[in-house]
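These are the residues of each chain, in order.
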Amino acid sequence: MKIYLHIPFCKNKCLYCDFKSFPCAEKGRIDEYITALNKEISLAGKEFKDRPITSIYFGGGTPSLLTVEQFSKIFNTLNKSFNIQKNIEITVECNPESVTAEKLSAMALLGVNRISLGVQSLYDDNLKAIGRVHSRQTALDKIHLIKEYFSNLSVDFIVGLPYDTEERIVSELNEVAHLVDHISVYMLSVESGTPLEKLVLEGKMQVADIDKQVDLFEIACNTLANMGFERYEVSNFSRNGKRSNHNSGYWTREEYLGLGLNASSLVKNNQNDKCNEVRFKNTDNFENYVLDSLKSSNFYDIEREKEVLSPDEIYEETVMLALRLSDGIDKEILGEKADILLSKFSDFVNDKGDRIALNSKGMDIM
């Protein structure tokens, strides 16, 4: 089983972000949340004590906003509550503005061995346009600082930002690619209800249309390929065996436990429901999450959305997620549909013997 921990706090909210997070620098409010999160961790540990933990991921929000003391409290509870395997991948998402040597040193001592850094762009005009609070130089400085403590570093970029050009995409990826072994690249998505959507609708900001974004993404893919990176998933590139173990578990539908505000879980062989697979999703209401966690005496007392997956839903998820990966899907899983996929969608797939995988055109559509 894998564990995801949601830390919903940021220094400020980026204009494009629709994740459950909010600006907060109040130590008391963050401490209140961590107390509730630790209670949920403890209850989950009792319920799933038989599950070996194979990876841990801190996402957000901005987990690097936490203090050393706050991180230590969470790790102490995790270690007391779960059967954490040795030498597993433990990732913390960070933003450049909140990375310090003190925090990096403490994380390493606590067992963190992988950092995912939200760079998004190495151009200050783009960063300012989307509400990021770090600069190009800060991002580069923090990459070098992180490498003093961690050999496993991933960086995130977004293509399709207001001032992006093909030349810029090539330049910024080349500048970072020799420093890291994992890069995630996403196309800018104008999500409903975000400040970015409002600016675009009012004509106050222009972003690349979908065709231009695809062109820019192709440039990114080619640039990374030339630097020795393998595109192992739609948006993820690695070399030297540095694929993300945790995220790969999502795509291969391993069992995972999402703890914290608005976090999702996939639990298999759940005896309480006498079914094979159940998805849970925690509330996205901060006050309700804190109160519910603190008053509960059992993991299943905490209010969550629950979805019992049917065999058809499990099959559809398996196919969809497997096709995100360059490894593709085993033909045995598809059965007779393998021949249909190869014949009707031949322009978008590759026949890899006993497996079928999307080609670059298929990845664009995915």
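Bear in mind that the values here come from a model prediction, so they are computed numbers and not experimental data.

The rules behind each value
Residues numbered from 1 in each chain as written. Predicted model: local features only at pLDDT ≥ 70, side-chain atom pairs only at ≥ 80, totals over all residues. Heavy atoms only, no water. Helix = DSSP H or I, 4+ residues; strand = E, 2+ residues; numbered from the N terminus. Rg over C-alpha atoms; globule rule 2.2 N^0.38 Å. Buried < 20%, exposed > 50% of the residue type's maximum accessible area, 1.4 Å probe, protein only. Contact = heavy atoms within 4.5 Å. Polar contact = N/O pair within 3.5 Å; in protein donor to acceptor, adjacent residues only side chain to side chain. Phe/Tyr/Trp six-rings, centres within 6.5 Å; stacked < 30°, edge-to-face > 60°. Pairing = 2+ DSSP bridges. Salt bridge = Lys/Arg side-chain N within 4 Å of Asp/Glu carboxyl O. Expected span 1.5 Å × (residues − 1). Arc of directions from axis to C-beta.

A. Structural view of the overall build of the protein chain. When helices and strands are counted, the protein chain shows 14 helices and 17 strands. Scaling as 2.2 N^0.38, a compact globule of 366 residues should have a C-alpha radius of gyration of about 21 Å, and the protein chain matches this with 21 Å. Along the first, second and third principal axes, the C-alpha atoms of the protein chain reach 55 × 55 × 45 Å. By residue count, 52% of the 366 residues in the protein chain fall in the buried class. Contacts in the protein chain between residues at least 24 apart in sequence constitute 70% of all its contacts with a sequence separation of at least 6.

B. Geometry of helix H10 (residues 286-295). Buried within H10 are the following residues: Phe286, Tyr289, Val290, Asp292 and Ser293. Its side-chain oxygen at 3.2 Å from the backbone nitrogen of glutamate 287, asparagine 285 defines the N-terminal cap of H10.

C. The arrangement of the packing of aromatic side chains in detail. Counting across every chain of the model gives 13 aromatic pairs. Both rings, one in phenylalanine 48 and one in phenylalanine 299, keep their centres 5.4 Å apart while their planes meet at 80°; by these two values the pair is edge-to-face. With phenylalanine 48 in the loop between helix H1 (27-47) and strand S4 (52-60) and phenylalanine 299 in the loop between H10 and strand S14 (304-308), this residue pair connects regions lying 251 residues apart in the sequence. Residue phenylalanine 48 is classed as buried on the basis of its relative accessible area of 2%. Here the aromatic rings of phenylalanine 58 and phenylalanine 75 are separated by 5.3 Å at their centres, their planes lie at 25°, and the arrangement is stacked.

D. Geometry of the pairing of strand S1 (residues 2-7). Among the six residues that make up S1, six are buried, leaving the element largely enclosed by the rest of the structure. Because side chains alternate across S1, one face comprises the buried residues Lys2, Tyr4 and His6, and the other comprises Ile3, Leu5 and Ile7, equally buried. Where S1 and strand S11 (residues 256-259) come together, four bridges link them in parallel fashion. For tyrosine 4, the partnering residue across the bridge sits in S11 and is glycine 258.

E. Just the environment of leucine 309, in detail. Inspection of the secondary structure puts leucine 309 in the loop between S14 and helix H11 (311-322). Spatially, the C-alpha atoms of leucine 309 and lysine 142 are 43 Å apart, while their sequence positions differ by 167 residues.

F. Seen up close, the pattern of salt bridges. Applying the stated criterion across every chain yields a total of 22 salt bridges. A salt bridge links arginine 51 to aspartate 50, with the nearest nitrogen and oxygen atoms 3.2 Å apart. Here aspartate 50 falls in the exposed class, since its relative accessible area comes to 52%. Where lysine 73 meets glutamate 69, a salt bridge forms, and the shortest distance between an N and an O atom there is 3.8 Å. Note that lysine 73 and glutamate 69 are positioned in helix H2 (residues 68-81) at a spacing of four residues, about one turn of the helix. A network of salt bridges, in which partner residues are shared, links Lys27, Asp31, Glu69 and Lys73.

G. Broad picture of helix H6 (residues 166-177). Taking 1.5 Å of rise per residue, the twelve residues of H6 would be expected to cover 16 Å, and the 16 Å separating its terminal C-alpha atoms lies within 8% of that figure. Listing the buried residues of H6 in full gives Arg168, Ile169, Glu172, Leu173, Val176 and Ala177. Seen from one end, H6 has its buried residues packed into an arc of 145°, which puts them on one side. Where H6 is buried, its residues meet helix H4 (124-129), helix H5 (136-147), strand S7 (153-159), strand S8 (182-187) and helix H8 (210-226).

H. Seen up close, the pairing of strand S17 (residues 355-358). Sheet topology note: the strand S15 (residues 329-330)/S17 ladder contains two bridges and is antiparallel. Bridge pairing in S17 links aspartate 330 to arginine 355. Pairing between strand S16 (residues 349-351) and S17: three bridges, direction antiparallel. Bridge pairing links asparagine 350 to alanine 357 in S17. Linking two consecutive strands that pair antiparallel, namely S16 and S17, is a turn of three residues; a positive phi of about 80° is found at glycine 353 within it.

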